[in-house]
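Fold and contact review
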Amino acid sequence: MSQGPRSGLAAVSSALLAMSRHLEVRDVLKTIVASARELLDAQYAALGVPDDHGGFAQFVVDGIGEEQWKAIGPLPRQHGILAAMLHEAKPERLADVRKDPRFEGWPSAHPEMSDFLGLPIRDGDEVIGALFLANKLCPAEGNPPRPKSEGRCGFTEDDEELLSILAQHAAIALTNARLYERSRELTIAEERSRLAHELHDAVSQKLFSLRLTAQAAATLVDRDPSRAKGELQQVAALAAEAADELRAAVVELRPAALDEDGLVATLRTQIQVLDRAHSARVTFTGQGVRALPAAQEEAFLRVAQEALHNALRHSGAEHVDVSLHKRGPDTVLRVTDDGCGFDPTTVRRAGRHLGLVSMRDRAGGIGGSLTVESVPGKGTTIELEAPGG
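Now for a description of the structure that goes with this document.

About the criteria used
Residues numbered from 1 in each chain as written. Predicted model: local features only at pLDDT ≥ 70, side-chain atom pairs only at ≥ 80, totals over all residues. Heavy atoms only, no water. Axes fitted to C-alpha atoms, helices over the stretch in contact; angles between N-to-C directions. Helix = DSSP H or I, 4+ residues; strand = E, 2+ residues; numbered from the N terminus. Parallel < 35°, antiparallel > 145°, perpendicular 65-115°, else oblique. Left-handed = near helix turned anticlockwise from the far one by under 90°. Contact = heavy atoms within 4.5 Å. Nonpolar A, V, L, I, M, F, W, Y, C, P; charged D, E, K, R; others polar. Buried < 20%, exposed > 50% of the residue type's maximum accessible area, 1.4 Å probe, protein only. Arc of directions from axis to C-beta. Pairing = 2+ DSSP bridges.

Two measures define how a pair of helices packs: the angle their axes make with one another and the distance between the axes. Across the interface, helix H8 (residues 263-277) lies against helix H9 (residues 294-314) with an axial gap of 10 Å and an inter-helix angle of 15 degrees. Classified by the angle between their axes, H8 and H9 sit roughly parallel to one another. In this structure, H8 crosses over H9, and the sense of that crossing is right-handed. In contact with Leu263, Thr266, Leu267, Gln270, Ile271 and Leu274 of H8, H9 contributes Glu297, Phe300, Leu301, Ala304, Gln305, Leu308 and Leu312. Class assignment of the residues belonging to the contact of H8 with H9 gives a composition of nine nonpolar, three polar and one charged.

Structure, rendered in C-alpha cells:
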C-alpha cells in the first residue's frame, strides 16, 4: 500500500477513530466523507444513502463549497455509475468517468471530474451507501497538489484497497449510528407517552377545577361580589399552578431542532428570535464545538434557555451574550448579561432559585459543573462546563 502523507497506518487509525467517535448518522456520514477524501488525496468525495424510490435519503459531499452545492440543484438520482455501485455492489475505478458508456452527464454547476473511485458500503448483503472519490491530487515539486493531468496520477489498486478498508469500517459506524438513533426514537416515544399521561392526570384536572371555579364566580358577580372576588382569586391561583405543571412537563421533551440541526445551529436560531423579540441586544458566538451526545446537547440547550429567560425577564439587561466554545477537552457555555445582577446567597435564602437548582441538576447529570457569578448592579454570568465536543 502506498505510503503518502495521509495513507500511513497512523492516518488510517485516525480516520477510523473519528468515525467511531460520533453517534448521529449525519455526523458519521460527514466524517466518513472527509476522512476518505483526506486519506486518498482526492479533490472531491461524496457518500449517498439510497432510499426506496430511486433517489437518496441522504447525500453528503466534501470538497464543494456551500454556494456551489446549492447551485448544483436537487440531489442526484440512482443512475449511471452510482446505480451500478448500488445495484451490482462492486467497486468502480475509472481513468475518466466521462468516457464511461454509463455516464449520463451532470448539472451545469457541477464541478468537472475525471478519474473516479467508488465502492458500495455494505451491511451483510444489504448495500446501505455508496462512497466515491474523484480527481486524485498529484503532488508536484515546488507546487501545491493539483488534479490529475491526462496520463498522470489517477487512483491506484492500493487506493482501492485502502478505500475498501475504510468502507468496511464505515458500514459498522453507520449501522451503529442508525441503531443509536432508533433506540433514541423509541426512548422519546416512550417519554412522550408518559408525559401525555402526566398532562392528563395533572394539568387537565387543574383546568377542570379552574372552569368550575370560573363558573361559580360568574354566578356570584351580581348577588355577592365579595365572594365572586375570592373565587376569581382562586381562578388565578389554579391557572398559575396549571401553567407551572405544563411548563415542567414540556421542558422534559427534547427539542426536535436538536436532532435535525445540532446544538450550535439550534442555539443560533433561538437567539436570533430572542434578539428580534426583546429590546435587549442578544448575541451568540460558537467556535470549534463539534457534535455532542444527545443528553449533553439537551443539557447545554436547557441551561442556555433558563439563563436567557432569567436575563431577559428579570435583569433589565441591555445586552445578553451567549458563547459556546472549547476549553481544553471540555465544552463551555457562557451566558453573560449587563443587568441588575443579584446576590446568589440572598436568592437562595429567599427560596427564589431563578432556575439555578434545575441548571445545576442538568450540569451534574452530564458530568459537568455550573458556575454563577453575580453582583447587584454589575450583571450576571452563568457558565456550564462539561467534557466532550
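By the element assignment, Thr331 lies in strand E9 (residues 330-337). For the pair Thr331 and Gly288, spaced 43 residues apart in sequence, the C-alpha separation works out to 9.3 Å.

In this section: helix H11 (residues 356-365). Each full turn of the α-helix corresponds to 3.6 residues, which orients residues three or four apart in the same direction. All buried positions along H11 are accounted for by Leu356, Met359 and Ala363. Down the axis of H11, the buried set is contained in an arc of 65 degrees. They therefore lie on one face. In H11, the exposed positions that point more than 90 degrees away from the buried face belong to Asp361, Gly364 and Gly365. Those residues of H11 that are buried lie in contact with H9, strand E10 (369-374) and strand E11 (380-387). Positive phi appears at Gly367, one or two residues downstream of H11, with a value of about 75 degrees.

Strand order in the open sheet made by the five strands is E7-E8-E9-E11-E10, with mixed pairing throughout. Of all the strands in the sheet, the pair left with one neighbour each is strand E7 (281-287) and E10. Each strand axis lies, on average, 10 degrees off the axis of its neighbour in the sheet, ignoring direction. Where E9 and E11 come together, eight bridges link them in antiparallel fashion. Directly across from Leu333, in E11, lies its bridge partner Leu384.

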